[in-house]
Amino acid sequence: MDGDRVEIDGGIMEGGGQILRVSTALSCLLGLPLRVRRIRAGRSQPGLRPQHLSGLEIIRDLCDGKLNGGEIGSTEITFTPGKIKGGTHIADTKTAGSVCLLMQVAMPCVLFAASPSELHLKGGTNAEMAPQIDYTVMVFKPIVEKFNFTFNCDIKRRGYYPQGGGEVVVQMSPVKELSPINLTERGTVTKIYGRAFVAGALPIKLAKDMSAAAVRCIRREIRDLYINIQPVREPDDQAVGTGSGIIIVAETSTGCLLAGSSLGKRGKNADKVGIEAAEMLLQNLKHGGTVDDSMQDQLIIFMALAKGVSRVKSGPITLHTQTAIHFAEQLTKAKFTVTKSEEEDPGNDTYIIECQGMGMINPNL
């Protein structure tokens, strides 16, 4: 520490933007001044990209903080948080940078604001290397609301690579504290549904092809369930640019939601997009956990902030999750343990992530 500034090495473990998101959100919540060095050190383009800078700027604005080193390409920042306030905040990546990643950094903070917040997040809604907005609404939202808060996510406009241009409005009210979650019973899969979408210059036939290929692939493993993957053409006035993709969700008897998704791109066959998503879903169903690989790391910050013990059964622990745990423990008093789940069929690779949360209390309520 330099004086009382917490030092974060942004180049270790997963070494990406996630370190920045977790550590600046916790810095903002806990009032801890922060220095992050070696930002995205291992990436082909190290330092801040527009995506990460927009995330830092919205956190700074949420709490009237001070940010130094906030330029594209910067590999070191210092951040001094102020008091979290509600109201309307805008973050615009001005690229196809993911609005869902902006949501990940801002959401924990506005839960502990003094008044309700409205976040206007602009950029890519369906971007590579990030959850698609459909995943956020269909899977992330119902699961994360088990921590005892709610939010509204209104997709105003969809935006795709390369120009972005999408906009999502998130509204949420602050809470006094978060409840712990217990997601350890998978249950049986009761339904499978999803959406295959095209936008811009692409014909609806592509969406139908993605959907049909995904259904065929799932059918090989799961024969007796009705699978409903709707082909959709996004209305022209609600989408910027041309894009396509698919998300498929499996719902279980205990209310678990696990997904597989994929994005189309030029030269990539529609069948391949559908099959990729179906295979990802089947992979997530195979390990026997209650959350999929994309959800795992997104729960860590909420588990750390909650009051009491949270338990989640997951598949193999991803590097993203290990990284989130490392920084959550470094910055909060939360304590995580990860143990191999024993009661399973030995062929299953399942783990229990347990966290004794720090019990963050909203000082404003």
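Remember, it's a predicted structure, so these values are computed and weren't measured experimentally.

J.: Can you walk me through helix 4 (residues 133-144) in this structure?
T.: In an α-helix, one full turn covers 3.6 residues, which means residues spaced three or four apart are oriented alike. In terms of burial, helix 4 is a largely internal element, ten of the twelve residues being buried. Among the residues of helix 4, Ile 133, Asp 134, Tyr 135, Thr 136, Met 138, Val 139, Phe 140, Lys 141, Ile 143 and Val 144 are the ones counted as buried.

J.: I'm lost on empty space enclosed by the protein in this one. Help?
T.: If you roll a probe as big as a water molecule over the atoms, it shows you where there is empty space left. Scanning all chains against the criterion turns up three cavities of 30 Å³ or more. Estimated volume of the largest cavity: approximately 130 Å³. Along the walls of the largest cavity sit Gln 18, Arg 21, Val 22, Met 103, Gln 104, Met 107, Pro 108, Phe 140, Asp 297, Gln 298, Ile 301 and Phe 302, which together make up its complete lining. Sorting the residues of the lining of the largest cavity by element identifies helix 1 (17-30), helix 3 (99-110) and helix 7 (293-305) as the ones contributing at least two each. Residues belonging to the lining of the largest cavity are distributed by class as follows: seven nonpolar, three polar and two charged. Those elements that place two or more of their residues in the lining of the second largest cavity are helix 1, helix 2 (50-62) and helix 3. Here the residues of the lining of the second largest cavity are counted per class, giving five nonpolar, five polar and one charged.

J.: How should the pairing of strand 8 (residues 166-172) be read in this particular structure?
T.: Every other side chain in a regular strand lies on the same face of the sheet, so the side chains alternate between the two faces. Counting buried residues along strand 8, six of its seven residues qualify, which places the element largely inside the surrounding structure. As paired strands, strand 6 (residues 117-123) and strand 8 are joined by seven bridges and run antiparallel to one another. Pairing of Lys 122 across the sheet is with Glu 167, part of strand 8. Sheet analysis places strand 7 (residues 151-159) next to strand 8, joined by six bridges and oriented antiparallel. Looking across to strand 8, one finds that Asn 152 is bridged to Gln 171. With antiparallel pairing between neighbouring strands as the criterion, strand 7 and strand 8 make up a hairpin whose turn holds six residues, including Gly 164 at a positive phi of roughly 70°.

J.: Please explain the pattern of salt bridges as it appears in this structure.
T.: Here the idea is simple: oppositely charged side chains can pair when their charged atoms come close. A full pass over the atoms with the stated rule returns 24 salt bridges. Arg 38 is the salt-bridge partner of Asp 9, the closest N and O atoms lying 3.1 Å from each other. One end of the pair, Asp 9, is in strand 1 (residues 6-9); the other, Arg 38, is in the loop between strand 2 (34-37) and helix 2, with 29 residues separating them in the sequence. Looking at Asp 9, the relative accessible area reads 28%, which means it is partly exposed. Salt bridges sharing common partners tie together Glu 7, Arg 35, Arg 37 and Glu 76.

J.: I'm lost on the pairing of strand 4 (residues 77-80) in this one. Help?
T.: Across three bridges, strand 2 lies against strand 4 in antiparallel orientation. Within strand 4, the position partnered with Val 36 by the bridge is Ile 77. For strand 3 (residues 66-68) and strand 4, the ladder comprises three bridges, and the chain directions are antiparallel. Residue pairing across strands places Leu 67 opposite Phe 79, the latter belonging to strand 4.

J.: Looking at this model, I keep getting lost on the UniProt feature "active site" (unreviewed entry) in the protein. Mind explaining?
T.: Summarizing the sequence annotation, UniProt attributes the feature "active site" (unreviewed entry) to His 320 in the numbering used throughout. Inspection of the secondary structure assignment puts His 320 in helix 8 (residues 319-331). A relative accessible area of 32% means that His 320 is categorised as partly exposed. Those residues in contact with His 320 that lie beyond four places of it in its chain are Glu 14, Gln 18 and Asp 297.

Rules and cut-offs
- Residues numbered from 1 in each chain as written.
- Predicted model: local features only at pLDDT ≥ 70, side-chain atom pairs only at ≥ 80, totals over all residues.
- Heavy atoms only, no water.
- Buried < 20%, exposed > 50% of the residue type's maximum accessible area, 1.4 Å probe, protein only.
- Helix = DSSP H or I, 4+ residues; strand = E, 2+ residues; numbered from the N terminus.
- 1 Å grid on protein atoms, 1.4 Å probe; cavity = no way out; pocket = protein on both sides within 12 Å on 5 of 7 lines; lining within 4 Å.
- Points joined across faces, edges and corners; volume = space filled by probe spheres on them.
- Nonpolar A, V, L, I, M, F, W, Y, C, P; charged D, E, K, R; others polar.
- Pairing = 2+ DSSP bridges.
- Salt bridge = Lys/Arg side-chain N within 4 Å of Asp/Glu carboxyl O.
- UniProt positions renumbered as here; feature names shortened; annotations may be inferred.
- Contact = heavy atoms within 4.5 Å.

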